[in-house]
Amino acid sequence: MNYQNLLFSVNEKVAIVTINRPDKLNALNSQTMEELKNIFIELNNNNDVSVIILTGSGEKAFVAGADISELNKLDMLSAKKFSESGQEVFNLIENLEKPVIAAVNGFALGGGCELALACHFRIASENAQFGQPEINLGIIPGYGGTQRLSRQINSGRAMEYILTGNMIDANEALRIGLVNHVYPQKDLIANAVELAVKISLKSRITIRHAIQAINASKEMSLKEGLDYEASIFALCCGSADFKEGTSAFLEKRKPNFKNL
Ligand code: COA
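A quick note: this is a predicted structure, and the numbers were derived from the prediction, not measured.

Draft legend 1. The packing of aromatic side chains, seen in detail. Applying the stated criterion to the full structure yields three aromatic pairs. When the centroid spacing of 6.2 Å and the interplanar angle of 85° are considered together, the rings of Tyr 3 and Phe 8 count as edge-to-face. With relative accessibility at 14%, the residue Tyr 3 sits in the buried group. Look at Phe 82 and Tyr 143: their rings are 5.2 Å apart centre to centre, the planes differ by 25°, and that puts the pair in the stacked class. Here the residue Phe 82 occupies a position in helix α3 (residues 76-94), and Tyr 143 occupies one in the loop between β8 (129-131) and α5 (145-152), the gap between them amounting to 61 residues. By the ring-pair criterion, three or more aromatic residues cluster together here, those being Phe 82, Phe 90 and Tyr 143.

Draft legend 2. A look at the pairing of strand β5 (residues 100-104). Across the five residues of β5, five count as buried, placing the element largely inside the fold. Here β5 shows a buried face lined by Val 100, Ala 102 and Val 104 and a second buried face lined by Ile 101 and Ala 103. Both strand β3 (residues 51-56) and β5 contribute to a ladder of three bridges, which runs parallel. Paired with Ile 53 across the two strands is Ile 101, which belongs to β5. In the sheet, β5 pairs with strand β7 (residues 121-125) via four bridges, with the strands oriented parallel. Paired with Val 104 across the strands is Ala 124, a residue of β7.

Draft legend 3. Looking closely at the nonpolar core. Among the nonpolar cores identified, the biggest contains 48 residues, and Leu 36, Leu 54 and Phe 130 are the most heavily contacted of them. Those residues in contact with Leu 36 that lie beyond four places of it in its chain are Leu 6, Ile 19, Leu 28, Leu 54, Val 89 and Leu 115.

Draft legend 4. Representation of the site of the ligand. Close to the ligand lie 16 residues; Lys 24, Lys 60, Ala 64, Ala 66 and Ile 68 are nearest. Lys 60 has a polar side-chain atom sitting 2.6 Å from an oxygen atom of the ligand. Taking 860 Å² as the accessible area of the ligand by itself, protein coverage stands at 59%. Residue assignment for the shell around the ligand shows that the elements contributing at least two residues are α2 (68-71) and β6 (107-109). Each residue belonging to the shell around the ligand can be placed in one class, and the counts come to 10 nonpolar, one polar and five charged.

Draft legend 5. Region of the structure containing the pattern of salt bridges. Counted under the stated rule, the structure contains 10 salt bridges. A salt bridge links Arg 175 to Glu 172; the nearest nitrogen and oxygen atoms lie 3.0 Å apart. Placement of the pair is Arg 175 and Glu 172 together in helix α7 (residues 170-175), with a separation of three residues, close to one helical turn. Through salt bridges with shared partners, one network takes in Glu 94, Arg 148 and Lys 218.

Draft legend 6. How the structure looks around the sheet that holds β6. Pairing is mixed in the open sheet, where four strands are placed in the order β4-β6-β8-β9. Every interior strand has two partners, whereas the edge strands, β4 (61-63) and β9 (168-169), have only one. Across three bridges, the pairing between β6 and β8 is parallel. Following the sheet pairing, Ala 108 is matched in β8 by Phe 130.

Each value, and the rule that gives it
- Residues numbered from 1 in each chain as written.
- Predicted model: local features only at pLDDT ≥ 70, side-chain atom pairs only at ≥ 80, totals over all residues.
- Heavy atoms only, no water.
- Phe/Tyr/Trp six-rings, centres within 6.5 Å; stacked < 30°, edge-to-face > 60°.
- Buried < 20%, exposed > 50% of the residue type's maximum accessible area, 1.4 Å probe, protein only.
- Helix = DSSP H or I, 4+ residues; strand = E, 2+ residues; numbered from the N terminus.
- Pairing = 2+ DSSP bridges.
- Core = buried A, V, L, I, M, F, W, Y, C linked by side-chain atoms within 4.5 Å.
- Contact = heavy atoms within 4.5 Å.
- Near = heavy atom within 4 Å.
- Polar contact = N/O pair within 3.5 Å; in protein donor to acceptor, adjacent residues only side chain to side chain.
- Areas by Shrake-Rupley, 256 points an atom, 1.4 Å probe, with all protein chains shown as cover.
- Nonpolar A, V, L, I, M, F, W, Y, C, P; charged D, E, K, R; others polar.
- Salt bridge = Lys/Arg side-chain N within 4 Å of Asp/Glu carboxyl O.

See below:
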């Protein structure tokens, strides 16, 4: 498929998707949202891809938000659809069978912060700035920010950031658990790739099950979540990769997972 606003490459089972509208700080217009949906469906079905890195073009922004020139035209009716269709794309990313790492290389504001939150985990460059500045536009976050930010960091902090629109710099993002690691900008992608390659060597089936179980914890009570974990754990034990992983350990060799 051809993409106007995305670049992508695949190497050693790791895909790098780059949102590419640098003159608009990679703001998410409807074309870009449609392309994101299509590329994630495509990559999920691509057997040559085990892990996906999502980043932004240029040195200034990951994504500076939904495109405000499109937002400006919304009315109540179109806004509901706008929000729901954006949420659908981000839900697709969150529930993808393959891990998606956000490599946040600059501003991740509004929809950009929400996009990073929909990824399975986040790493950032030293110049990254997160935030939900929608309050300054007379709206609240509409692509999941009120829900995912308050689950990722504590709800008092999420409340403060959403009510003030204040930005969160990379060190603060690290301190409050919004990102896992911070690197100098020049090293960000290399470190993302290193993490991605490490994950790509695991069994794809087990990775999918781990994502499923961890995501379920956001929806379920502890009791339901533990029951679910036991079922998924049992499913793992029915796989050839489980036999391979445990046998390889006992035979003191590296496992050779077949994704079966
Ligand atoms: N939607 C549409 N265009 C955007 C945008 C967005 N969310 N964010 C940045 N841009 C555009 C600017 O309009 C500008 O375009 P122009 O050169 O055609 O005028 C270009 O990107 C560069 O942005 P600029 O504001 O000049 O850069 P800056 O370094 O002075 O400021 C930001 C950077 C991120 C602080 C500022 O662009 C900003 O506040 N953006 C909006 C953030 C936001 O509210 N996001 C939430 C939307 S829901």
